[in-house]
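Chain by chain, the residues:
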Amino acid sequence: MKVLHYIAYLIVYGLWFLISLLPFCVLYVLSDGLYLLITYVFRYRHKVIWKNLTECFPEKDKQEIRKIEKDFYQWFCDYLVETVKLMTISKKNLMKHMTFTGMEAFNNALNNKQSCALYLGHYGNWEWITSLSYWVPEHVLCTQLYHPLENKYFDHLFKYVRERQQGVCIPMKESIRKVISLTNEGKTLVVGFIADQAPMWNNIHHWVDFLHHETPVLTGSEKIAKRMNMAVFYGDVTSRKRGYYNCEMKLMTETPQEQEEFKITNLYFELLEETIKRVPHLWLWSHNRFKRTHEEFDRLFEVTKEGKVVWKDDEMRHANSI
């Protein structure tokens, strides 16, 4: 099995490398072809996308929702070919396609040896945000939290592509330990958090009103920012034109330890909702973000005095998978 995985890795690596050498004009022709396939032939995750859009924008009619869905499919195909391009794109070219503004306050904090937490969403081309390392002082180490893939060969491939821009990928399970270790080594860090995923049942500690849903959210990012006293920023991404993005750094707080519990998390989701409502199709609507409900959580779990989430009984635990 390992041999087959390795052969598959070599094939994917070779194809990825060759396709990434194509100029953007050709890549977007491929994107247009892929758009026709997933929109009209395969209807990629249509039910999930349609459910998400109709529930998040109840004020919009079917024609408006259909327009957002089609625009989403077009952007999603662009995102795929743009991510492929990351394997070989030059620093100069990437800095033209992915720009950053609002960097004065961001770099001031870093120059004062205060590490920064950067909150992002699955919006625009988040993979290109790895080029932030080109826009910060040389002494700063840019890092990003990620979920490792089960296949070690493909995990290595995706890490290689993401770390080409001098950043470092940190596995989610090692986040606190690794951030503390790097800080103790005297590193000034930027830690990127893509914090709009749905948490596992046993990791739900807070709910927010997000896009007309009572939504469970991850709070680990806030805990890390507070523990390490990081300046906290939100990356507000916009698309200037096809294949060109800008990320504006918006300061959320320079004093996270002085903020009440969950205030940073709440503000992040308020800002993300504003971004999504401004241009809806650039968010990852194919992700089943709203699959966990408060009603189901209350039925299956209870919270101990220590704040741990536990199953109400063993029968429920065995009947439901986390």
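Residues numbered from 1 in each chain as written. Predicted model: local features only at pLDDT ≥ 70, side-chain atom pairs only at ≥ 80, totals over all residues. Heavy atoms only, no water.

**Student:** Can you help me understand the overall build of the chain in this one?
**Tutor:** If you tally the helices and strands in the chain, you get twelve helices and eleven strands. Its C-alpha atoms give the chain a radius of gyration of 20 Å, near enough to 20 Å, the size a compact globule of 322 residues would have. Projected onto the principal axes, the alpha-carbon positions of the chain cover approximately 60 × 50 × 50 Å. Across the 322 residues in the chain, those meeting the buried criterion constitute 49%. Long-range contacts, defined as pairs at least 24 residues apart, comprise 77% of the intrachain contacts of the chain with a sequence gap of at least 6. With the model as given, the accessible surface of the chain reaches about 16700 Å², and the carbon-plus-sulfur share is 54%. Of the charged side chains in the chain, 41 are positive and 38 negative; the average position of the first set lies 7 Å away from that of the second. (Helix = DSSP H or I, 4+ residues; strand = E, 2+ residues; numbered from the N terminus. Rg over C-alpha atoms; globule rule 2.2 N^0.38 Å. Buried < 20%, exposed > 50% of the residue type's maximum accessible area, 1.4 Å probe, protein only. Contact = heavy atoms within 4.5 Å. Areas by Shrake-Rupley, 256 points an atom, 1.4 Å probe, with all protein chains shown as cover. Lys, Arg positive; Asp, Glu negative; His and termini not counted. Charge placed at Lys NZ, Arg CZ, Asp CG, Glu CD.)

**Student:** Explain the nonpolar core here, please?
**Tutor:** The nonpolar side chains of a soluble globular protein tend to be buried, and buried together. With 86 residues, the main nonpolar core has W75, F106, L132, F210, M249, I276 and W285 as its most contacted residues. Looking at this core, the element that brings in the most residues is helix 4 (residues 62–85), giving ten residues. Sequence-distant contacts of F210, defined by excluding residues within four places in its chain, comprise T215, F269, L272, E273, I276, W283 and F290. Counting eight residues, the second largest nonpolar core, distinct from the first, contains I204, W207, F297 and W311. (Core = buried A, V, L, I, M, F, W, Y, C linked by side-chain atoms within 4.5 Å.)

**Student:** I would appreciate a short explanation of a negative patch on the surface in the present structure.
**Tutor:** Taken together, the side chains of D209, E214, E295 and D298 make up a negatively charged region of the molecular surface. By the secondary structure assignment, E214 is in strand 7 (residues 213–216). (Patch = residues over 30% accessible without salt bridge, like charges linked within 9 Å, V, L, I, M, F, W, Y side chains within 5 Å. Salt bridge = Lys/Arg side-chain N within 4 Å of Asp/Glu carboxyl O.)

**Student:** Looking at this structure, how should I read unusual backbone geometry?
**Tutor:** What you tend to see is this: most non-glycine residues have negative phi, and most peptide bonds are trans. Located in the positive-phi region is Q166, a residue other than glycine, with phi close to 80 degrees. Among the secondary structure elements, Q166 is positioned in the loop between helix 7 (152–162) and strand 4 (168–171). Here Q166 falls in the exposed class, since its relative accessible area comes to 54%. Positive phi outside glycine occurs at F262, with the angle close to 75 degrees. Note on F262: relative accessible area 16%, which makes it buried.

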